[in-house]
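The chain contents come next:
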Amino acid sequence: MPTKRKKSAVKKAAPKQTAAAPASPNTPQGFTLPTEAEFLEELTLHLENNYHTDFENASPRELYMATAEIVNSQLLKKKWAFNKVRREAEKKESGKKKIYYISMEFLMGQSLKNNLYNLDETGIVAGVMKRRGISMEELYDQEPDAGLGNGGLGRLAACYMDALASQEYDATGFSIRYEYGLFKQKIVDGWQVEMPDNWLPGGHVWLNRRDEDTFRVGFYGDYHEYWTEEGLQYNIENQQIVEAIPFDMCISGADSPAVDKLRLWWSTNRESFDMNSFNNGDFTRAQQETNKAELISKVLYPADNIEEGKELRLKQQYFMVSASCQNIIRDHLRLHGTLDNFPEKVAIHINDTHPALCVPELMRLFMDEHGMEWDKAWDLVTRTVTYTNHTVLAEALEKWNQQLVRMLMPRIYAIIREIDRRFREDMEKLFPGDTGKINYMAPLGEDQVRMANLSVIGSHRVNGVSALHSEILKDDLFHDFYLAWPDKFTNVTNGIAYRRWLCQSNPKLASLLDETIGPDYRKDARKLEEFAKFASDSSVRKRVEEIKRENKAAFSDRLKAETGICPDPDSLFITQAKRLHEYKRQLLNALRIISRYNMLRENPNLDMRPETYLFAAKSAPNYYLAKNIIQLICRIGEEIEKDPKIRQKMRVIFLENYSVSMAERLMPASDISEQISLAGKEASGTGNMKLMINGAITIGTLDGANVEMREAVGDDAIFIFGQKADEVQKNLAAGYHSLDIYESNPAVKAAVDRLGEGFAGTDFHKLKDYLLRPTYSIADPYMCLKDFDDYCRVHQEIQDAYEDRERWNSMSIRNIAMAARFAADRSIRDYAREIWHTKPISE
Ligand SMILES: *Cc1c(COP(=O)(O)O)cnc(C)c1O
């Protein structure tokens, strides 16, 4: 338990973390930061009371835990102070809404560094730790990542919470308090093995349990409908009840008085403990029902851009959605006493279709719990809910077996059926007689509940996550809906929490920005563009080059300490870090590397700048092909390590266990950013933005946000190759014959044949088959071989460009400056204006 302070906080300005750090934090009344001495005093109390140690003897881990406890209670105090401001705003007829962001994933990573930065408290804590000879890096290393997400989608939700709080929106995130986050990746003989990610020891310090806000969620049950004079009635019996207990994480805003919250639901059932069985000595049985309930929040599903269709996953979704919707309605009624103004005061956003059940669940609550008629309830729901689509990949579109939905949630299923019936009726008016179209658009069909259709029908705004992706939604995936409701569709290009990804993870570059353009960019990303004018300043160019070199050396040193491998900081650092997926085409990268390797084996004395290929990627555990590609990369790397001559020219390093905290170290140390997905498949990408803002130059296809990155920096500061999205469509339709390419292109043939021969004793004939032979309707639907030549051509260009250091550094400066538009702050302003129709509390 946090300890009570004996002395009241002295009101005194905090020392600045760096000379050029932002102006004093924007603190609400009733909240002040401690001095260094006060912090030490408080730290000592925490160490004594909670860890039975003292400042001199505490381990780094204990110091982290106690520090995090203090920062957490500071945030709670600040939140309390801010609630007064919030309540004042709520009373006014101001057109402002509460924003609820519901997502199955929030890939938060570590919190201590971010919170200290946002509170402007880093300098104070650093001063205290110095007295023990402990660096901030060592302190931060003690914190486990909160890995409650798979990749881009989950990290986006985390970046958006930061942007919402920093810009003073009244926002709450909802998700699940998974006991185990995304698995930890171990590489054994080149093969990915999954280990449990038990993050709560060490991670729980940021979670504040709120038993008083427990809600009950019902599953299964015997459901009957019957007619009375009042119309169709139902009853439901023998439901299994699961309790949802919230754990709240404070979301601090940067240089802002706002503290928002991320509410994570934990599932349990304390009532179901079976005393009878216990008394009879059957302890397993006594605990059985509780265990079943607790299984729901046990573990994050580790699949990215692929749907599994497992019952437990559907249970997780309904559990999260039901608890969140009940919570939202209760809060609204407490504040306003009526549901009539619900859409004017509330925005509920669903991050992909995983929370789509909030549409029927809100209908259920409005009708069954609050006595509303269908039409009114439907009007309120559809004016409140908005939806972001994240993918056009067929295998990622969520569909659930109707029998499963009916068994698990009979009342919800009945409501979906009614949504389906009414939807078909409405569409019949719009597209008379076009049953083909209507069947295709309906929420129910082919024995399945189609979550994307349900999401589009149940919301009033639908957005894609980059300009290209949003166009593809209108032209393709949701074309019929677009014909029916053209105004529903819009775009919000993704963005990143640039304070985390630049200011905190690349402090040297941030200081250079302070010196050149002043510190205002730390609060207003748009100011970052002012850095572009230094692209022609040779002393700034030189500094950018030096900083990159220092970051590479630091990365290399740490890698050496962890793995023994120490890449040369003067080599080119070429990075592809993202989930392992066919469409992202790590295999294309690997094929080109093989080609380079072939060349070096023929000519080991070739005069060239050494190249370091850095890969980081997790694969879904049951995605065999992806694991095979990881193994290929690892084996190529191993074989090269054994050759002292070639090792000096090129190295291939697979970084184990990609995570947010690893990304924070990797992005500032990369020269080249590989964004090489097949055009039309990557919805946006955000890794591309993180690398860009750290001055890496992109080699990429015209896919996702790469298109807008090119617009931002200009054609000559990005390296684009490959088929365009519309060409991909045409080429696939015409038939992709990879064998023809293989037979007519000697470099392709040599690289592909090498797969069959293998590396470090492992052969990869399955990957060769995949590229050449039609196991599916066509070989490799992502057409690696088709883009191979152009990829090699442009790689040569980008590597040549690197040797012109002046040009490279000026490109780098342009990329840093023009990444301004990819700040999550900008995305959130777009959402507020175009989708939620709301404003910050302070405005
Ligand atoms: C940003 C990020 C991603 C997303 O990367 P993409 O290149 O956009 O797919 C995935 N995982 C982690 C840990 C990240 O930080």
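For clarity, every value in this text was computed on a predicted model and none was experimentally measured. (Residues numbered from 1 in each chain as written. Predicted model: local features only at pLDDT ≥ 70, side-chain atom pairs only at ≥ 80, totals over all residues. Heavy atoms only, no water.)

A.B. asks: Tell me about the nonpolar core, residues and numbers included.
C.D. replies: One finds L43, I348, F478, F531, L591 and L771 to be the most contacted residues of the largest nonpolar core, which totals 274 residues. In contact with I348, other than residues within four places in its own chain, are Y100, I102, I328, F342, C358, L362, T384, V385 and T386. (Core = buried A, V, L, I, M, F, W, Y, C linked by side-chain atoms within 4.5 Å. Buried < 20%, exposed > 50% of the residue type's maximum accessible area, 1.4 Å probe, protein only. Contact = heavy atoms within 4.5 Å.)

A.B. asks: Which residues make up the sheet that holds strand β17 (residues 448-450), and what values go with them?
C.D. replies: Ordered by their spatial adjacency, three strands build an open sheet running β15-β17-β16, and the pairing between neighbours is antiparallel. Either end of the sheet is taken by a strand with one partner, and the two such strands are β15 (399-401) and β16 (444-445). In this sheet, β17 lies alongside β15 in antiparallel orientation, the contact comprising three bridges. Residue pairing across strands places N401 opposite Q448, the latter belonging to β17. Set on the sheet, helix α17 (residues 451-458) makes contact with β15 and β17; between it and β17 the angle comes to about 45 degrees. (Pairing = 2+ DSSP bridges. Helix = DSSP H or I, 4+ residues; strand = E, 2+ residues; numbered from the N terminus. Axes fitted to C-alpha atoms, helices over the stretch in contact; angles between N-to-C directions.)

A.B. asks: Outline the site of the ligand, supporting the account with residue identities and numerical values.
C.D. replies: Taken together, 14 residues surround the ligand, and among them K578, K584, T686, G687 and K690 come closest. Here T686 contributes a backbone N or O atom positioned 2.7 Å from an oxygen atom of the ligand. When isolated, the ligand has an accessible area of 390 Å², and the protein chains bury 95% of it. For the shell around the ligand, the secondary-structure elements that each account for two or more residues are α26 (660-666) and α27 (687-693). Residues belonging to the shell around the ligand are distributed by class as follows: five nonpolar, six polar and three charged. (Near = heavy atom within 4 Å. Polar contact = N/O pair within 3.5 Å; in protein donor to acceptor, adjacent residues only side chain to side chain. Areas by Shrake-Rupley, 256 points an atom, 1.4 Å probe, with all protein chains shown as cover. Nonpolar A, V, L, I, M, F, W, Y, C, P; charged D, E, K, R; others polar.)

A.B. asks: Describe the UniProt feature "modified residue: N6-(pyridoxal phosphate)lysine" (unreviewed entry) in the chain, with residues and values.
C.D. replies: This chain's UniProt record puts "modified residue: N6-(pyridoxal phosphate)lysine" (unreviewed entry) on K690. Within the secondary structure layout, K690 lies in helix α27. (UniProt positions renumbered as here; feature names shortened; annotations may be inferred.)

A.B. asks: Can you break down the packing of aromatic side chains residue by residue, with the values?
C.D. replies: A complete count under the given rule lists 25 aromatic pairs for this structure. Ring plane angle 85 degrees and centroid distance 6.2 Å describe the contact between F247 and W266, whose orientation is recorded as edge-to-face. With F247 in strand β11 (residues 240-252) and W266 in strand β12 (residues 259-268), this residue pair connects regions lying 19 residues apart in the sequence. For the pair shown, F247 and W266 are each scored as buried. Residues Y482 and F489 carry aromatic rings whose centres are separated by 6.2 Å and whose planes lie at 80 degrees to one another, so their mutual orientation is edge-to-face. When its relative accessible area of 27% is taken as the criterion, Y482 is described as partly exposed. Site record: aromatic cluster; members linked through ring pairs are Y387, F423, F478, F481, Y482, W485 and F489. For R177, the ring lying beneath its charged end belongs to F247, and the centroid distance is 4.5 Å. Positioned above the aromatic ring of W501 is the side chain of K690, whose terminal nitrogen or guanidinium carbon lies 4.4 Å from the ring centre. (Phe/Tyr/Trp six-rings, centres within 6.5 Å; stacked < 30°, edge-to-face > 60°. Lys NZ or Arg CZ within 6 Å of the ring centre and 35° of its normal.)

A.B. asks: Explain a nonpolar patch on the surface residue by residue, including any values.
C.D. replies: The grouping of F273, M275, F278 and F283 at the surface amounts to a nonpolar patch, some 380 Å² of accessible area in total. Within the secondary structure layout, F283 lies in helix α9 (residues 283-295). (Patch = residues over 30% accessible without salt bridge, like charges linked within 9 Å, V, L, I, M, F, W, Y side chains within 5 Å. Salt bridge = Lys/Arg side-chain N within 4 Å of Asp/Glu carboxyl O.)

A.B. asks: Break down the pattern of salt bridges for me, with residues and values.
C.D. replies: Side chains that differ in charge, positive against negative, can pair when their charged atoms come close. This model, assessed by the stated rule, comprises 66 salt bridges. Among the salt bridges present, the one from R450 reaches E446, with a minimum N-O distance of 3.4 Å. A residue is classified by how much of its surface remains accessible, and E446, at 66% relative accessible area, is exposed. Here D753 makes a salt bridge to K768, at a shortest N to O gap of 3.2 Å. Residue D753 is located in helix α31 (residues 746-757), and its partner K768 is located in helix α32 (residues 765-772); the two are separated by 15 residues in the primary sequence. What makes D753 buried here is its relative accessible area of 17%.

A.B. asks: Before we move on, can you summarise the sheet that holds strand β22 (residues 650-655) with the specific residues and values?
C.D. replies: Pairing within the open sheet is parallel, and its six strands lie in the order β22-β21-β20-β23-β24-β25. Every other strand in the sheet has two partners, leaving β22 and β25 (719-720) as the edge strands with one partner each. Examined bridge by bridge, strand β23 (residues 672-675) and strand β24 (residues 697-700) share four bridges and lie parallel to one another. The partner of I672 across the bridge, within β24, is I697. Packing against the sheet, helix α24 (residues 624-641) makes contact with β21 (611-616) and β22, and its axis sits at approximately 135 degrees to β22.

A.B. asks: Quick one: what's the story with the packing of α31 against α32, residue by residue and with numbers?
C.D. replies: Two elements in contact, α31 and α32, have axes separated by 6 Å at closest approach and are oriented at 145 degrees. From α31, V752, D753, L755 and G756 reach across to α32, where they touch H765, L767, K768, L771 and L772.

A.B. asks: Describe in detail the state of the cysteines, supporting the description with residues and values.
C.D. replies: Scanning the model with the defined rule gives zero disulfides in all. Of all cysteine sulfurs, the one in C784 lies closest to C634, which takes part in no disulfide; the gap is 18 Å. Classification of C634 by relative accessible area gives buried; the value is 9%. (Disulfide = S-S within 2.5 Å.)

A.B. asks: Tell me what's going on with helix α34 (residues 805-818), and back it up with residues and numbers.
C.D. replies: With 14 residues, α34 should reach 20 Å at 1.5 Å per residue; the first-to-last C-alpha distance of 20 Å fits that figure. Of all 14 residues that make up α34, eleven are buried, and the element is covered over most of its length. Listed in full, the buried residues belonging to α34 are R805, W808, N809, S810, M811, S812, I813, N815, I816, A817 and M818. (Expected span 1.5 Å × (residues − 1).)

A.B. asks: Outline the pairing of strand β13 (residues 346-351), supporting the account with residue identities and numerical values.
C.D. replies: Residues in a regular strand project their side chains so that they alternate between the two faces of the sheet. Counting buried residues in β13 gives six out of six residues, a clear majority hidden from the surface. Covered by surrounding structure in β13 are V346, I348 and I350 together with A347, H349 and N351, the residues of both alternating faces. Where strand β1 (residues 98-102) and β13 come together, five bridges link them in parallel fashion. Bridge pairing in β13 places Y100 opposite I348.

A.B. asks: Residues and numbers for the confidence of the model for the chain, please.
C.D. replies: Interpreting fine coordinate detail is not advised for predicted regions of low pLDDT. On average, residues of the chain carry a pLDDT of 94, and 96% of them reach 70 or more. Contacts for the low-pLDDT stretch residues 1-25, under 50 throughout, to residues beyond four places or in other chains number 47 contacts. (pLDDT = per-residue confidence, 0-100.)

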